[in-house]
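Read off the chains here:
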Amino acid sequence: GSTLQAAAAETNRYFGTAMAAHYLNNSGTMNIVNREFNMITAENEMKMDAMQPNRGQFNWSSGDRIVNWARQNGKQVRGHALAWHSQQPGWMQNMSGSTLRTAMLEHVTGVATYYRGKIHSWDVVNEAFADGSSGARRSSNLQGTGNDWIEAAFRAARAADPGAKLCYNDYNTDNWSHAKTQAVYNMVKDFKSRGVPIDCVGFQAHFNSGNPVPSNYHTTLGNFAALGVDVQITELDIEGSGNSQGEQYRGIVQACLSVARCTGITVWGVKDSDSWRASGTPLLFDGNGNKKAAYNYTLDAL
Ligand code: XIL
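On a predicted model such as this, the values are computed, not experimentally measured, just so you know. (Residues numbered from 1 in each chain as written. Predicted model: local features only at pLDDT ≥ 70, side-chain atom pairs only at ≥ 80, totals over all residues. Heavy atoms only, no water.)

A.B. asks: Before we move on, could you go through the overall build of the protein and cite the residues and values that matter?
C.D. replies: Helices and strands together make up the secondary structure of the protein, namely 11 helices and nine strands. Taking 19 Å as the expected radius of gyration for a compact globule of 302 residues, we find that the protein reaches 18 Å, a close match to that expectation. A principal-axis box enclosing the C-alpha atoms of the protein has dimensions of 50 × 40 × 35 Å. Looking at the protein as a whole, 57% of its 302 residues qualify as buried. Across the protein, contacts joining residues at least 24 apart in sequence account for 75% of those joining residues at least 6 apart. (Helix = DSSP H or I, 4+ residues; strand = E, 2+ residues; numbered from the N terminus. Rg over C-alpha atoms; globule rule 2.2 N^0.38 Å. Buried < 20%, exposed > 50% of the residue type's maximum accessible area, 1.4 Å probe, protein only. Contact = heavy atoms within 4.5 Å.)

A.B. asks: Summarise the site of the ligand; cite the residues concerned and give the values.
C.D. replies: Around the ligand, the structure places 13 residues, and the nearest of them are E43, N44, K47, H80 and E235. Here K47 contributes a side-chain N or O atom positioned 2.7 Å from an oxygen atom of the ligand. A distance of 2.7 Å separates an oxygen atom of the ligand from a polar atom in the side chain of E235. Applying the majority rule of atoms within 2 Å of the grid points places the ligand in the largest pocket. Per-class residue counts for the shell around the ligand are three nonpolar, six polar and four charged. (Near = heavy atom within 4 Å. Polar contact = N/O pair within 3.5 Å; in protein donor to acceptor, adjacent residues only side chain to side chain. 1 Å grid on protein atoms, 1.4 Å probe; cavity = no way out; pocket = protein on both sides within 12 Å on 5 of 7 lines; lining within 4 Å. Sits in = over half its atoms within 2 Å of the grid points. Nonpolar A, V, L, I, M, F, W, Y, C, P; charged D, E, K, R; others polar.)

A.B. asks: Account for the UniProt feature "active site" (unreviewed entry) in the protein, with residues named and values stated.
C.D. replies: UniProt's entry tags E235 with the feature "active site" (unreviewed entry), counted in the numbering of this structure. Within the secondary structure layout, E235 lies in strand β8 (residues 230–238). In this structure, E235 is in contact with H80, N169, F203, Q204, A205, H206, T266 and W268, ignoring residues within four places of it in sequence. In this structure the side chain of E235 is engaged in a polar contact, spanning 3.2 Å, whose partner is the side chain of N169. (UniProt positions renumbered as here; feature names shortened; annotations may be inferred.)

Listed below in structure tokens is the structure:
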């Protein structure tokens, strides 16, 4: 294939990008999105604060702009994210207990119902585990509603949109030997054994010199897949430049291709100048939309 989406399709995988609503105003960026990618994630527009700015009052406008563009152009959509400790609307941030649990479930149900049938995979719960060596859940207002908040969210999402794949998504879960990776693995194993509806695990894959691409990545992806879930690289970006950056992108692609249930890769933005990383050049296209070495390594590896 001569594009990322075409090359990925040769092994029945997708290749996606995050897309912000403001991309729609930039024809150069949108030409790249349309040419290279067949899976779209809204960078911010489908998060809790964007979807439900006031309790019980949903605002679909920005999410719809992205979802409608994607569908009109033959792209699939990853929904991101139904329940998360971050980017909550102000009214939710100070909630707790059963009031928050109810509000969270109403949010999951409301959003997943509205987009029912239009979403390939939902990140049902994002970033619920702590960093470091504890393997514990992240402390948050949602965790404070009880340890079963994650499975409750997954059950609500399944009821609202039975056709969407339901994912747990997190970062720093790439290295098999990390406590956080093991903790997420044990949760997924427990969910599968008890029949909690979960179909996929998303690996954000934000890498930099302090958090490099692990050499055991294929082991991590393979072990999760062996639990009976798909695995997806959901927010890939890698700090660096030139061939060394390209080799790391190649490593990610090779790890995914080595696992049958690794079904697709999404990069977290198109041009370096659009990246959420304030400085640096972590993406596949430079600020002018030119293909970088990282692009060529990625395409060659697919
Ligand atoms: C980031 C967006 O890219 C930024 O624009 C925003 O200011 C903060 O969130 N993990 C996630 C994504 O799951 O939603 C985050 O996206 C990056 C880290």
